[in-house]
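Working through the structure, step by step
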Amino acid sequence: MVGGAVKGSASRRSLQVLDVLPLGGKQRVCVVRCYDRTFALGVGDKEVALIAEIDAAVSIGAPKPAARMAPFQDVLARLRGGSRAGSTEVLS
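Here the structure is a predicted model, which means the values were calculated and not measured. (Residues numbered from 1 in each chain as written. Predicted model: local features only at pLDDT ≥ 70, side-chain atom pairs only at ≥ 80, totals over all residues. Heavy atoms only, no water.)

Some remarks on the pairing of strand S2 (residues 27-34)
In terms of strand pairing, strand S1 (residues 15-24) meets S2 through 8 bridges, oriented antiparallel. Across the sheet, the residue bridging to Leu15 is Cys34, located in S2. Here S1 folds back onto S2, and the loop between the two strands holds 2 residues, one of which, Gly25, carries a positive phi near 60 degrees. In the sheet, S2 pairs with strand S3 (residues 37-43) via 7 bridges, with the strands oriented antiparallel. Across the sheet, residue Val29 finds its bridge partner in S3, namely Gly42. In textbook terms, the turn of a hairpin is the stretch between consecutive antiparallel strands, and for S2 and S3 this stretch comprises 2 residues, one of which, Tyr35, has a positive phi near 55 degrees. (Pairing = 2+ DSSP bridges. Helix = DSSP H or I, 4+ residues; strand = E, 2+ residues; numbered from the N terminus.)

Here's the deal with the environment of Tyr35
Looking at the secondary structure, you find Tyr35 in the loop between S2 and S3. Spatially, the C-alpha atoms of Tyr35 and Arg13 are 8.7 Å apart, while their sequence positions differ by 22 residues.

Notes on the nonpolar core
Membership of the largest hydrophobic core is limited to 5 residues, which are Cys30, Val32, Phe39, Leu41 and Val43. Every element with two or more residues in this core is listed here: S2 and S3. If one sorts the elements of this core by residue count, S3 sits on top with 3 residues. When sequence neighbours within four positions are dropped, the list of residues in contact with Val32 reads Leu15, Gln16, Leu18, Arg37, Thr38, Phe39 and Leu41. (Core = buried A, V, L, I, M, F, W, Y, C linked by side-chain atoms within 4.5 Å. Buried < 20%, exposed > 50% of the residue type's maximum accessible area, 1.4 Å probe, protein only. Contact = heavy atoms within 4.5 Å.)

So this is what it looks like as structure tokens:
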């Protein structure tokens, strides 16, 4: 009975560990989402510290807009100070 109650409440939680990066020893960086907010946490042997709140726009899993890349020759010409006719390059 108790096991079922724990599983039921766990399914309603809004806390997710999205990623963990081990730094060595017992230190690691965790990316955690709580409801609609995402946080980077420093986790050690006996402590947890907030590193930053990650903006929703750059949160893990946010889609990036597709950009059409310019041909290398157009980018090179632009960097040299000239421009090729009809070039519509996107620099990222």
